[in-house]
Amino acid sequence: MKPAVDVLYRDLEASPALNEIISKKLEKLNRYSDQIIHSRVVLDTPHNHKHKGKQFRASIEIDIKGHPIAVAQDNESIHVAVRDAFITAERKVKQIAARQRTLQ
């Protein structure tokens, strides 16, 4: 069973290419843990600083049975922010899956 996935765009146009990347990365996370119940990815532009330029934020919330994960990454490129957020989320999912294996 595939977990439910929500992808939200705030102050950005929805991108089919980003949706494809996100779905592939979420499928990869599902290989590490079959306990994922729900995933939510929020892509937005939170900062409007003149001296930094345009910043993008990728926020990922993953509900694993008993262990919610929340990750956020900011970058000038939305693609880099998504990549970095999923790298961090993957590391956390692997840690939780390893902990659950040792408890069994």
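Above this note sits the structure.
Here's what I pulled together on the structure shown here. Given the structure is predicted, the values throughout are model-derived calculations rather than measurements.

Procedures and definitions
- Residues numbered from 1 in each chain as written.
- Predicted model: local features only at pLDDT ≥ 70, side-chain atom pairs only at ≥ 80, totals over all residues.
- Heavy atoms only, no water.
- Helix = DSSP H or I, 4+ residues; strand = E, 2+ residues; numbered from the N terminus.
- Contact = heavy atoms within 4.5 Å.
- Axes fitted to C-alpha atoms, helices over the stretch in contact; angles between N-to-C directions.
- Parallel < 35°, antiparallel > 145°, perpendicular 65-115°, else oblique.
- Left-handed = near helix turned anticlockwise from the far one by under 90°.
- Nonpolar A, V, L, I, M, F, W, Y, C, P; charged D, E, K, R; others polar.
- Pairing = 2+ DSSP bridges.
- Right-handed = clockwise from strand over helix to strand, strands pointing away.
- Expected span 1.5 Å × (residues − 1).
- Buried < 20%, exposed > 50% of the residue type's maximum accessible area, 1.4 Å probe, protein only.

A few words on the side chain of Thr-45. For Thr-45, the position within the fold is in the loop between strand E2 (36-44) and strand E3 (56-64). For Thr-45, the residues in contact, after removing those within four places along its chain, are Arg-10, Asp-11, Leu-12, Lys-54, Gln-55 and Phe-56.

We now examine the packing of helix H1 (residues 16-32) against helix H2 (residues 78-103). Relative to each other, H1 and H2 sit at 10°, their axes nearing to 9 Å. Considering their axes alone, H1 and H2 lie roughly parallel with respect to each other. As for the relative orientation of H1 and H2, their crossing is right-handed in sense. Residues Leu-18, Ile-21, Ile-22, Lys-25, Leu-26, Lys-28, Leu-29 and Tyr-32 of H1 pack against Ile-78, His-79, Val-82, Arg-83, Phe-86, Ala-89, Glu-90, Val-93, Lys-94 and Ala-97 of H2. Per-class residue counts for the contact of H1 with H2 are 12 nonpolar, 1 polar and 5 charged.

Right, let's get into the pairing of strand E1 (residues 4-10). Here E1 runs beside E2; their pairing, made up of 7 bridges, is parallel. Within the sheet, the bridge partner assigned to Leu-8 lies in E2 and is Val-42. Between the parallel elements E1 and E2, the chain passes through H1 in a crossover that is left-handed.

Over its 26 residues, H2 runs 38 Å from end to end, which matches the ideal 38 Å to within 8%, given 1.5 Å per residue. Looking only at H2, the buried set comprises Ile-78, Ala-81, Val-82, Ala-85, Phe-86, Thr-88, Ala-89, Glu-90, Val-93, Ile-96, Ala-97 and Gln-100. Among the structural elements, H1, E2, E3 and strand E4 (67-75) are those in contact with the buried residues of H2.

What follows covers the environment of Glu-13. Structurally, Glu-13 is set in the loop between E1 and H1. Each C-alpha atom, one on Glu-13 and one on Glu-27, is 23 Å from the other, the two residues being 14 residues apart in sequence.

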